[in-house]
Amino acid sequence: MTDRGWASDRLIRAAQSGDLESITAVVHGAHPHVRRFAAHLCASAEDAEDAAQEALIVLYRKIGTLRASAALASWMFRIVRNECLRRARRLVDSSDAPDAGPVDSAEDEVLRRLEAERVAAAIRALPDVQRRVLIMRDVLGYPGRTVAGALGLSTAAMKSQLHRARTALRTDLRGTPGVPPSA
């Protein structure tokens, strides 16, 4: 029997079968781990708290669908990661909201979306640390010290990762039609 301290195999199996006390114990035990992971991954403390709460709600509602008790931690952290990414996308999407200016033609809108998809794919291809630094610094606009602190990096290491991310993006997008070389 594998013992994770807060979530033994027996406790997880009981929660999967619907035992309310076991579900409560698993959710309560997971809470500090989920919050800590969300704090490292999300862009702000508020987003981290919201992402952690959402992940715990999903855990509570869907623990019965978990196939293997050993997969609990990776499943929970994947939920947190997806929630943090969803919140970051929502911030980016809300900043793209159209203003009262002229309306784009359908062709312009399609081209803009294709460019955005290419940039998003290039960002997704970056190594994890570079991607998080780039999103927090360039997309969300957080100061360098804040980004470094949130990711557990020195300011110099954060700057180095940001430079590498920007260089990789520039290289990846340089030959892509519709994206300027200085992107």
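The structure this text deals with has already been given above.
Residues numbered from 1 in each chain as written. Predicted model: local features only at pLDDT ≥ 70, side-chain atom pairs only at ≥ 80, totals over all residues. Heavy atoms only, no water.

Some thoughts on the overall build of the chain
Here is step 1 of the chain: Within the chain, the regular secondary structure consists of eight helices and zero strands.
Here is step 2 of the chain: Listed N to C, the secondary structure of the chain is α-α-α-α-α-α-α-α in terms of helices and strands.
Here is step 3 of the chain: Counting across all 183 residues of the chain, residues that qualify as buried make up 32%.
Here is step 4 of the chain: For the chain, the exposed surface amounts to about 11200 Å²; the carbon and sulfur share of it is 54%. (Helix = DSSP H or I, 4+ residues; strand = E, 2+ residues; numbered from the N terminus. Buried < 20%, exposed > 50% of the residue type's maximum accessible area, 1.4 Å probe, protein only. Areas by Shrake-Rupley, 256 points an atom, 1.4 Å probe, with all protein chains shown as cover.)

Focus on the pattern of salt bridges
Here is step 1 of the chain: The final tally for this structure, using the stated rule, is five salt bridges.
Here is step 2 of the chain: The partner of Arg 131 in a salt bridge is Asp 128, and the shortest N-O contact between them spans 2.8 Å. Of the two residues, Arg 131 and Asp 128 both sit in helix H6 (residues 128-139), three residues apart, roughly one turn of that helix.
Here is step 3 of the chain: A salt bridge links Arg 132 to Asp 128, with the shortest nitrogen-to-oxygen separation between them at 3.5 Å. With Arg 132 and Asp 128 both in helix H6 and four residues apart, this pair spans about one turn of that helix.
Here is step 4 of the chain: Asp 128 sits in the partly exposed class, given a relative accessible area of 37%. (Salt bridge = Lys/Arg side-chain N within 4 Å of Asp/Glu carboxyl O.)

With respect to the environment of Leu 41
Here is step 1 of the chain: Within the fold, Leu 41 resides in helix H2 (residues 20-41).
Here is step 2 of the chain: Accessibility expressed as a relative area gives 16% for Leu 41, which makes it buried.
Here is step 3 of the chain: Taking C-alpha positions, Leu 41 is 7.0 Å from Arg 81, a pair spaced 40 residues apart along the chain.
Here is step 4 of the chain: Residues within four places of Leu 41 in sequence aside, it is in contact with Val 80, Arg 81, Cys 84 and Arg 132. (Contact = heavy atoms within 4.5 Å.)

Description of H6
What sets the pattern is the α-helix's 3.6 residues per turn: residues three or four places apart point alike.
Here is step 1 of the chain: A rise of 1.5 Å per residue sets the reference length of H6, with its twelve residues, at 16 Å; its end C-alpha atoms lie 15 Å apart and thus fit the reference within 8%.
Here is step 2 of the chain: Among all positions in H6, only Gln 130, Arg 132, Val 133, Leu 134, Ile 135 and Met 136 are buried.
Here is step 3 of the chain: On its buried face, H6 is in contact with H2, helix H5 (106-124), helix H7 (144-151) and helix H8 (155-174).
Here is step 4 of the chain: A positive backbone phi angle near 80° is found at Gly 141, which sits one or two residues after H6. (Expected span 1.5 Å × (residues − 1).)

Details of the packing of helix H1 (residues 9-16) against H2
Packed helices, taken two at a time, are described by their axes: the angle between them and the distance between them.
Here is step 1 of the chain: Their axes nearest at 7 Å, the elements H1 and H2 cross at an angle of 120°. Considered as vectors, H1 and H2 are oriented oblique to each other. When the axes of H1 and H2 are compared, the crossing they make is left-handed. Each of Leu 11, Ile 12, Ala 14 and Ala 15 in H1 lies in contact with H2, whose residues at this interface are Ser 22, Ile 23, Ala 25 and Val 26. (Axes fitted to C-alpha atoms, helices over the stretch in contact; angles between N-to-C directions. Parallel < 35°, antiparallel > 145°, perpendicular 65-115°, else oblique. Left-handed = near helix turned anticlockwise from the far one by under 90°.)

Remarks on the packing of aromatic side chains
Here is step 1 of the chain: For the coordinates displayed, the defined rule picks out one aromatic pair.
Here is step 2 of the chain: On the numbers, 4.8 Å between centres and 45° between planes, the contact of Phe 37 with Phe 77 is tilted. Taken as a pair, Phe 37 in helix H2 and Phe 77 in helix H4 (residues 72-95) lie far apart in primary sequence, 40 residues in all.
Here is step 3 of the chain: By relative accessible area, which is 25% here, Phe 77 ends up partly exposed. (Phe/Tyr/Trp six-rings, centres within 6.5 Å; stacked < 30°, edge-to-face > 60°.)

So, to be careful, I would describe these as geometric facts and stop short of saying anything about function.
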